[in-house]
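Residue-level structure breakdown
This is what each chain is made of:
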Amino acid sequence: MEISLTSIQEPPKTPNVPLSTLREQIKALEDAHLEKGTKLSGRILHVCHYLPILPTLNPTTPEVPSDVVTAPATPSNGSGLVEELTQAAESVISSVSSALSPSSPSTTTATGSSSSVPSRWSLSTRRGHTAMLSGIASLTHTHEQMVIGWTGSIHPSVLGATGEDGSTPELGEEDITTEDRKVLESEMKNFKVEDEDDEEFVPSAGEGCKKIQYVPVWLKKEVAKGHYEGYCKTTLWPLFHYLLWQDYTSEFPVDDPTFKAYTEANRIFAAKVAEVYQPGDLIFIHDYHLLLAPKMIRDLIPEANIGLFVHAPFPSSEIFRCLPRRKEILEGMLGANLVCFQTYSYSRHFLSTCIRVCGFESSATGVDHDGSATAIGYCPIGIDAERVSLDRNRASVLPKIEALRALYKGKKIIVGREKLDVSKGVLEKLEAFERLLESYPEWRGKVVLIQVTQPALSESAKLERSVSELVSHINGVYGSLDFTPVHHYHQTIDRDEYFALLSVADLALITALRDGMNTTSMEFTICQENTNKAPLVLSEFLGSAASFSSALLINPFDFDGVADAINQGLVMSDEEKQTRHAELYESVTSYTSHSWAAAIVKQLLENIDQQHQAHQTPFLDQTALKTKYDGAKKRLLLFDYDGTLTPIVKNPSDAVPTPLAFETITKLTEDPRNVVYLISGRDDAFLLENWGSVKNLGLSAEHGCFVRAPGSTEWRSLTEKLDMGWMNEVKEIFQFYSERTAGAFVEEKKASITWHYRASDPDFGSFQCKQCHDLLESTLAPRRPIEVLVGKKNLEVRPLAINKGEIVKQILYENPDADFVFCAGDDKTDEDMFRSLRTIFPITGSGPTVMSAPIAVTSTCTPQEIEALKDVELSISPEDCFSTAVGPPAKKTLARWHVTTPEEVVLAMAALV
């Protein structure tokens, strides 16, 4: 879904579209693009931080077998259980120990090596990102795919190999030979990321599906560490989760040198994408690890179709503005055609941040920045419901379900499973559980909380200590010799234990303080289908909360409220449980990770047409300009003023010409072969005050409504025969919005009227501008001869059909012998000039151009005078026309050249004289 930028309210929930329908819509969009000539290759490139493959480097010595592989590193679980189980519980655990033992990680030796020469590499499946990877796998039904990601830290498989500190050594790019890197790249390319024992992580695509290739990105150890463990985890991750760098080693944002490593890693990823890119590929960049990559890829491949999906939450603008490198991050993200988030609120936060922090303009579907448009959307991720159902029904899960039921017989089981980091709210959960036992004494001895906390990379020793102390406190106060209320396991449990735990639970408790789409809640819903249909207590600060209205939504900071919700869930009637569960189950199974993957592809396809594409405009060729200028017999030089000859300023009256600009324009007018015009939106009084002393300078005020020819002192009004009665109506509307928008004001000119909100709150000012624009377009424009223009922090109403483009046509008509044109402008109103020139002088022209009298000439003529006007034959050819936009090369414009700043326009003209 794309967000509606005309409302700040949460949009109504729309019905889930079936996967088959989404695929049909994708096919229709692709066919439409191909008919219009848009190139599509049928490939999708997914750029992720990690590849779903774990490579292990085998030894070269014959003494150690080449197929010995080191299992994926699993963090230590410390002392095991925080509190010892009762003697009875230990007896039960002992009796089922064989059933509860974790399975060994599966390993597959890389294919493609000779049977007589063992491969240097062994490849196995990397755990994590299950939902994203299953979505990628589902797209093989319709597209070829390439997954580009970091190899991860590589470990040698030599048994007993240790570093200086006794740990297993990690190998980076610099530790692996070029030959070994090439071998790994070859073996990864067509590696099938699945095996019979562990299909959960990346399910098989199935027969008849297109292939997935895996492309490794190599990072040096220093860059990889600074990128992920540095900037990602100590700066971006806390900020995105509203932690503002608290409870970490440093309570200040880590800027340098880790931002340099973050930048370098993103640059390497972008270079790898450019290396494997084929015209027409769709590129998806995943998550906050690669926020600079979209712009970097855009710089390398201007025509690329780029989507960015942010899996993490996105904070409000007031939080994001605390980031020292905020502008670089936002500009990096806006290099994409589409930026997509998990929820509507995250997308609103991003839009507000672009407007408030960087001052970018919003458009109907997203953000306009530096002349390019980026659409903003949201699309919540799901899980592979079918895969989870199969895993839940495995034969190996049932014995563990029975063991847990025996162990906790007669007790209500509350289940929680999170990583041990600050944002997951484990401490708040324990506080709320203690409040339950305090406020509802009838549950003492009858309810247990089984809390599993997985070790996290950003784990805080202070947090771990606080959790252990609180667990001990609760068990000490409310426990007994034969009862322990909290069972805390700080370890990674295997998949079968996990699904068994979710299946036997009488209630799931998820109290995250900030999170994206929590998949545990979805897996819990699937697992409960065949058991208790137990209720779900869910934090309202999760991305999935909006989709799970049937859960018991809580504020994790309100301990009494959480305790009440737990009690409500435990005493809930079977009928209510079934009703709530049915709604949750329908939501989880009807919108899966497969649906999510198809939906984001559809959104990107909707935003890659010519309207949204960024076109690289070449930088003004000064040599060609000078050659044509010197060889011309008569020249037309047409300039916008604000943003073209002088920078945009907050106070319009401060936009006075620089000495160099004034001197350069004056010298241009002194050449008898030159016809020079300023075609501005300013009124005649301002132009006369600043430029009236330049004798041979032509002036056009208020976007062409008034014109003064070079050498003349008389102004000619093009609106004198037009109905201008609409101005009072527009003024009343503008005053209404000015009274309700602090800092806004109305600028009234002779033939146009403008509402400015440059000094207002940028987000609210933009919102009010849209409301006012809609009102004018729907009520006044249909019955009055007016045109409504959205400018830079303003809204302008002017007479219909009188614009800068008509003035350009008039100047050309009056000077048909001119054989050189230079025309420069910077904003939307100047596109009228470029459009007129492009219409008159197409890029590929044949023969002379014949021109009829334009409206700017006929509007002040009598009928008899109009009849006397003749068509003229223009002397100019397309290659003699230099239409030049001020702005970046990717700016959407009809001009054929660009310069970056107003200073460069002045310098280019100074070089001519």
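Refer to the structure above for everything that follows.
Residues numbered from 1 in each chain as written. Predicted model: local features only at pLDDT ≥ 70, side-chain atom pairs only at ≥ 80, totals over all residues. Heavy atoms only, no water.

A short note on the overall build of the protein
Helix and strand content of the protein: 30 helices and 33 strands. Out of the 913 residues belonging to the protein, those deemed buried represent 56%. The long-range fraction of contacts in the protein, counting pairs at least 24 apart against all pairs at least 6 apart in sequence, stands at 76%. Of the roughly 37700 Å² that the protein leaves accessible, carbon and sulfur atoms contribute 52%. (Helix = DSSP H or I, 4+ residues; strand = E, 2+ residues; numbered from the N terminus. Buried < 20%, exposed > 50% of the residue type's maximum accessible area, 1.4 Å probe, protein only. Contact = heavy atoms within 4.5 Å. Areas by Shrake-Rupley, 256 points an atom, 1.4 Å probe, with all protein chains shown as cover.)

Considering the packing of helix 14 (residues 426–439) against helix 15 (residues 461–478)
Interaxial distance between helix 14 and helix 15 falls to 10 Å at its minimum, and their mutual angle equals 10 degrees. It follows that helix 14 is roughly parallel to helix 15 by the angle criterion. Each of Val426, Leu427, Leu430, Glu431, Phe433, Glu434, Leu437 and Glu438 in helix 14 lies in contact with helix 15, whose residues at this interface are Leu463, Ser466, Val467, Leu470, Val471, His473, Ile474 and Tyr478. Of the residues in the contact of helix 14 with helix 15, the class split is 11 nonpolar, two polar and three charged. (Axes fitted to C-alpha atoms, helices over the stretch in contact; angles between N-to-C directions. Parallel < 35°, antiparallel > 145°, perpendicular 65-115°, else oblique. Nonpolar A, V, L, I, M, F, W, Y, C, P; charged D, E, K, R; others polar.)

Structural notes on the nonpolar core
In this structure, Ile283, Leu291, Ile297, Ile329, Met333 and Phe350 are the most contacted members of the largest nonpolar core, which totals 94 residues. Ranked by residue count, the leading element in this core is helix 6 (residues 221–240), at nine residues. Here isoleucine 329 is in contact with Tyr231, Phe259, Tyr262, Leu291, Leu292, Phe320 and Leu323, once residues within four sequence places are set aside. Leu404, Leu538, Tyr591 and Trp596 belong to the second largest nonpolar core, which has 83 residues in total. (Core = buried A, V, L, I, M, F, W, Y, C linked by side-chain atoms within 4.5 Å.)

Considering the sheet that holds strand 19 (residues 552–554)
On the basis of which strands lie adjacent, the open sheet formed by six strands has the order 16-15-14-17-18-19 and parallel pairing. Here the strands that pair on one side only, and so sit at the sheet edges, are strand 16 (486–489) and strand 19. Adjacent strand axes in the sheet meet at a mean angle of 20 degrees when their direction is disregarded. Relative to the sheet, helix 14 contacts strand 14 (412–419), strand 15 (447–454), strand 16 and strand 17 (507–510), its axis offset from that of strand 15 by approximately 175 degrees. Across the face of the sheet, helix 16 (residues 495–504) comes into contact with strand 14 and strand 15 while running at roughly 140 degrees to strand 14. (Pairing = 2+ DSSP bridges.)

With respect to the pairing of strand 26 (residues 753–756)
A two-sided burial pattern is seen for strand 26, the buried positions comprising Ile753 and Trp755 on one face and Thr754 and His756 on the other. Here four bridges tie strand 25 (residues 745–748) to strand 26, and the two strands are oriented antiparallel to one another. The residue bridging glutamate 747 from the neighbouring strand is threonine 754, located in strand 26. Counted along the chain from strand 25 to the antiparallel partner strand 26, the turn is four residues long.

Some details on the packing of aromatic side chains
Tallied over the full model, the rule gives 26 aromatic pairs. With a centroid separation of 6.0 Å and 20 degrees between ring planes, the pair formed by phenylalanine 882 and tryptophan 897 is classed as stacked. With phenylalanine 882 in strand 32 (residues 881–886) and tryptophan 897 in strand 33 (residues 897–899), this residue pair connects regions lying 15 residues apart in the sequence. Note that arginine 417 overlies the ring of tyrosine 498, its terminal NZ or CZ placed 3.9 Å from the centroid. (Phe/Tyr/Trp six-rings, centres within 6.5 Å; stacked < 30°, edge-to-face > 60°. Lys NZ or Arg CZ within 6 Å of the ring centre and 35° of its normal.)

Side note on the side chain of arginine 181
Counting through the fold element by element, arginine 181 comes out in helix 5 (residues 178–189). The side chain of arginine 181 is buried and forms no salt bridge, while glutamate 173, the nearest opposite charge, is found at 4.4 Å. A distance of 3.0 Å separates the side chain of arginine 181 from the backbone oxygen of glutamate 173, its partner in a polar contact. Each residue touching arginine 181, except ones within four places of it in the same chain, is listed here: Glu173, Ile176 and Trp218. (Lys, Arg positive; Asp, Glu negative; His and termini not counted. Salt bridge = Lys/Arg side-chain N within 4 Å of Asp/Glu carboxyl O. Polar contact = N/O pair within 3.5 Å; in protein donor to acceptor, adjacent residues only side chain to side chain.)

Topic: unusual backbone geometry
Positive phi outside glycine occurs at aspartate 287, with the angle close to 80 degrees. Checked against the element boundaries, aspartate 287 lands in the loop between strand 8 (282–286) and helix 8 (293–300). Of the residues examined, aspartate 287 reaches a relative accessible area of 11% and is grouped as buried.

A look at helix 18 (residues 559–570)
For helix 18, with 12 residues, the first-to-last C-alpha span of 17 Å sits near the 16 Å given by 1.5 Å per residue. For helix 18, the complete set of buried residues consists of Val562, Ala563, Ala565, Ile566, Asn567, Gly569 and Leu570. (Expected span 1.5 Å × (residues − 1).)

Comments concerning the pattern of salt bridges
Pairing between side chains of opposite charge can happen when the charged atoms of each approach one another. One pass over the full model with this rule turns up 40 salt bridges. Between lysine 400 and aspartate 494 there is a salt bridge, and its shortest N-O distance comes to 3.3 Å. Pair noted here: lysine 400 is in helix 13 (residues 398–407) and aspartate 494 is in the loop between strand 16 and helix 16, with a separation of 94 residues, a long-range link. You can call lysine 400 buried: its relative accessible area is 3%.

Observations regarding the sheet that holds strand 28 (residues 794–799)
Reading across the sheet, the four strands line up as 25-26-28-27 and stay open at both edges, with antiparallel pairing between neighbours. For this open sheet the edge positions go to strand 25 and strand 27 (786–791), each flanked by a neighbour on one side alone. Pairwise comparison of adjacent strand axes, ignoring direction, gives a mean angle of 15 degrees for this sheet. In this structure, strand 26 lies alongside strand 28, joined through four bridges in antiparallel fashion. Paired with histidine 756 across the two strands is asparagine 794, which belongs to strand 28.

So, the environment of lysine 667
Mapped onto the secondary structure, lysine 667 falls in helix 22 (residues 659–670). On the basis of relative accessibility, which here comes to 39%, the residue lysine 667 falls in the partly exposed class. Separated by 245 residues in sequence, lysine 667 and leucine 912 place their C-alpha atoms 9.8 Å apart.

Structural notes on the packing of helix 12 (residues 385–392) against helix 17 (residues 519–527)
Where helix 12 meets helix 17, the closest approach of the two axes is 9 Å, and the angle between their N-to-C directions is 55 degrees. The angle between helix 12 and helix 17 places the two elements in the oblique class. Both helix 12 and helix 17 take part in a crossing whose hand is right-handed. Here helix 12 contributes Ala385, Val388, Ser389 and Arg392 to the contact with helix 17, which in turn contributes Glu523, Ile526 and Cys527. (Left-handed = near helix turned anticlockwise from the far one by under 90°.)

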